[in-house]
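Observations on the three-dimensional arrangement
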Amino acid sequence: MYRKDLITAEIQKLAEVLARIMGLKLEGKIRDAQAMFDETMEKSFTLATGSLEDTDLAIFKNWLESVNFAPEKLDSLSEFLYYELGVSAERNKLIAPKLNMIYNYLSDKHKVVHLVNLHRQKTIQQYI
């Protein structure tokens, strides 16, 4: 029960950070939004910015399998990455395959399937 409460609190904090990032983007403060995104990736998800920009999917796959995040935290990561799509065509090509990998990992390893994620998987196919 205690672990679930910790995960729930962490997910709530991540949702608040995502809302702030989206707000900064709407205000046109793209650099601030990117800085907050990068910081969150590193501190909350132990994912170096370079890992997202690396075209070698094996590196990301190894990271994904090694972190052993709870499904809820992986779902939060997918939210962050999904809302990062649309920044540029180059960024879309880098993030979409990794996002798809997270959705597949959630489904295969954790047996978690959300209708929203299924819809998003169809949407990101245009970037892959």
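A brief look at the structure comes next.

What counts and how
Residues numbered from 1 in each chain as written. Predicted model: local features only at pLDDT ≥ 70, side-chain atom pairs only at ≥ 80, totals over all residues. Heavy atoms only, no water. Helix = DSSP H or I, 4+ residues; strand = E, 2+ residues; numbered from the N terminus. Expected span 1.5 Å × (residues − 1). Buried < 20%, exposed > 50% of the residue type's maximum accessible area, 1.4 Å probe, protein only. Arc of directions from axis to C-beta.

Along the chain, the position of Asn-104 falls in helix H6 (residues 89-110). Along the primary structure Asn-104 and Leu-118 are separated by 14 residues, whereas in three dimensions their C-alpha atoms are 9.8 Å apart.

For the rest of this paragraph, the subject is helix H2 (residues 30-45). Given a rise of 1.5 Å per residue, 16 residues ought to cover 22 Å, and the 21 Å separating the end C-alpha atoms of H2 matches this to within 8%. The complete set of buried residues in H2 reads Ala-33, Phe-37, Asp-38, Thr-40, Met-41 and Phe-45. Axial view of H2: buried residues confined to an arc of 160°, hence all on one face. In this structure, H2 carries Arg-31 and Lys-43 as exposed residues pointing more than 90 degrees from its buried face. Immediately beyond the C-terminal end of H2, within one or two residues, lies Thr-46, with a positive phi of roughly 50°.

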